[in-house]
Amino acid sequence: MSKLFSPATLRGLTLRNRTVVAPMCQYSAQDGFANDWHLVHLGRFAIGGFGLVMQEATAIVPEGRISYGDLGLWKDEQIAPLKRIVDFLHSQGAAAGIQLAHAGRKASTPVPWRKGFDETDEEKLALHFERWTPVAPSALIHAENKEFTQPEALDEAGIRNVIVSFAAAARRADRAGFDIVEIHAAHGYLLNQFLSPLANKRTDRYGGSIENRMRLLLEVTEAVRAVWPAEKPLLARLSVSDWHPDGWQVEDSIVLTRELKARGVDAIDASSGGFEGAVIPAAADYQVPFASAVRNEGGLPCMAVGLLGDARRAEEIIANGEADFIALARGALDDPNWPVHIRHELGNHDYDLWPKPTNRVRERDRSLGQRGFATS
Ligand SMILES: Cc1cc2nc3c(=O)[nH]c(=O)nc-3n(C[C@H](O)[C@H](O)[C@H](O)COP(=O)(O)O)c2cc1C
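Attention here is on the structure that accompanies the text.

What counts, and at which threshold
Residues numbered from 1 in each chain as written. Predicted model: local features only at pLDDT ≥ 70, side-chain atom pairs only at ≥ 80, totals over all residues. Near = placed C-beta within 6 Å. Helix = DSSP H or I, 4+ residues; strand = E, 2+ residues; numbered from the N terminus. Nonpolar A, V, L, I, M, F, W, Y, C, P; charged D, E, K, R; others polar. Expected span 1.5 Å × (residues − 1). Buried ≥ 20, exposed ≤ 12 C-beta atoms within 10 Å, placed from the backbone. Contact = placed C-beta atoms within 7 Å. Pairing = 2+ DSSP bridges.

Notes on the site of the ligand
- In the vicinity of the ligand there are 20 residues, among which Ala22, Met24, Ala57, Ala329 and Arg330 approach most closely.
- Of all the secondary-structure elements, those providing two or more residues to the shell around the ligand are β4 (52-59) and α10 (330-334).
- Each residue belonging to the shell around the ligand can be placed in one class, and the counts come to 11 nonpolar, six polar and three charged.

Below, the structure written as structure tokens:
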């Protein structure tokens, strides 16, 4: 029996299997509103058999967007198009997650496939173009190149607004029907900026010691948990290591995981990196040891992510207790049917995970003598 395809329960939610689509910004929203692109992009992963589909970094305030094209959940009007997506994911047997995010000093950057801010006036109108001054723990630019803007340091009122806005967005996510909220505290975005000594040079109670640098994330977690229904799981995505000698380290993430657990977080999505100067040895499975460290020493279930996709290795990671879930981003773009495909590879010869309108694939496989059918 495949462990990867065994159900997993977090609080009142049971996932049909342990395959996850990692959050992926699409830069395709206008004024934060989801549209047909998001429905089809996310919907195809539910059709493809994933257990959990996590929606991209969704901004809790407009100035928290990485670009003007990010999804948002800072106003009630943004709920309805998201509910349409959630309802579709549910209709296909997948759970629906949403990553709530604030980009901090990495906000207001160009849409990645454009050459900087090269929009014509006509495009600016059509795309709902916006550009603004980002906020950060300290007034330090992320990197000296034309993509980033000098940020303003948040004062206490600004910090309070971040906390309240995370909670308000979580309430809206519940109304949209999401099963899981993931707090984005990774990849050098706002909450990660507060955690990391590379970006946080504050001298007040939000900077300095690790307790102070963790304070904002822990206050956000408490505020979200207070409004997020008790039967629904809450996740946090961490950059378990900054991959930088002066940055946040694995041991810090273990301490943080214990604090998050005490505040009602149910699992960690274990990623890494996000700051300039990091040296990242990206290779197959390279972040799995981070998931294992946080899982086994921090005491929470963990999601492994990053250059995963080999079926047998994915199965082994779950079977060995290196992680509890396997998340794919680019691998899911490449093969939105990854779960239904690898389920055969792992020796399951039924077609139960294929949605009914698609399972005539079975007839083709029988004719071709593949996926468990003998050649006649
Ligand atoms: C197009 C794209 C958009 C991404 N957007 C997000 C995002 O919104 N939030 C996030 O935490 N990570 C984001 N990531 C990172 C992925 O979730 C994932 O951690 C990373 O790509 C490594 O997994 P992979 O090797 O399976 O792609 C994005 C990655 C890609 C390729």
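A few points about helix α6 (residues 210-227)
- Between its first and last C-alpha, α6 extends 26 Å over 18 residues, near the 26 Å set by a 1.5 Å rise per residue.
- All buried positions along α6 are accounted for by Arg213, Met214, Leu216, Leu217, Val220, Thr221, Ala223, Val224 and Arg225.
- Each element contacted by the buried residues of α6 is listed here: α4 (156-176), β9 (180-185), α5 (190-195), β10 (234-239) and α7 (250-262).

Focus: the pairing of β4
- Within β4, eight of the eight residues are buried, leaving the element largely enclosed by the surrounding structure.
- Bridge count for strand β3 (residues 19-21) against β4 is two bridges, and the pairing is parallel. The residue bridging Val20 from the neighbouring strand is Leu52, located in β4.
- Bridge analysis of β4 against strand β5 (residues 71-72) gives two bridges, and the strand direction is parallel. Its bridge partner lying in β5, Ala59 is registered against Gly72.

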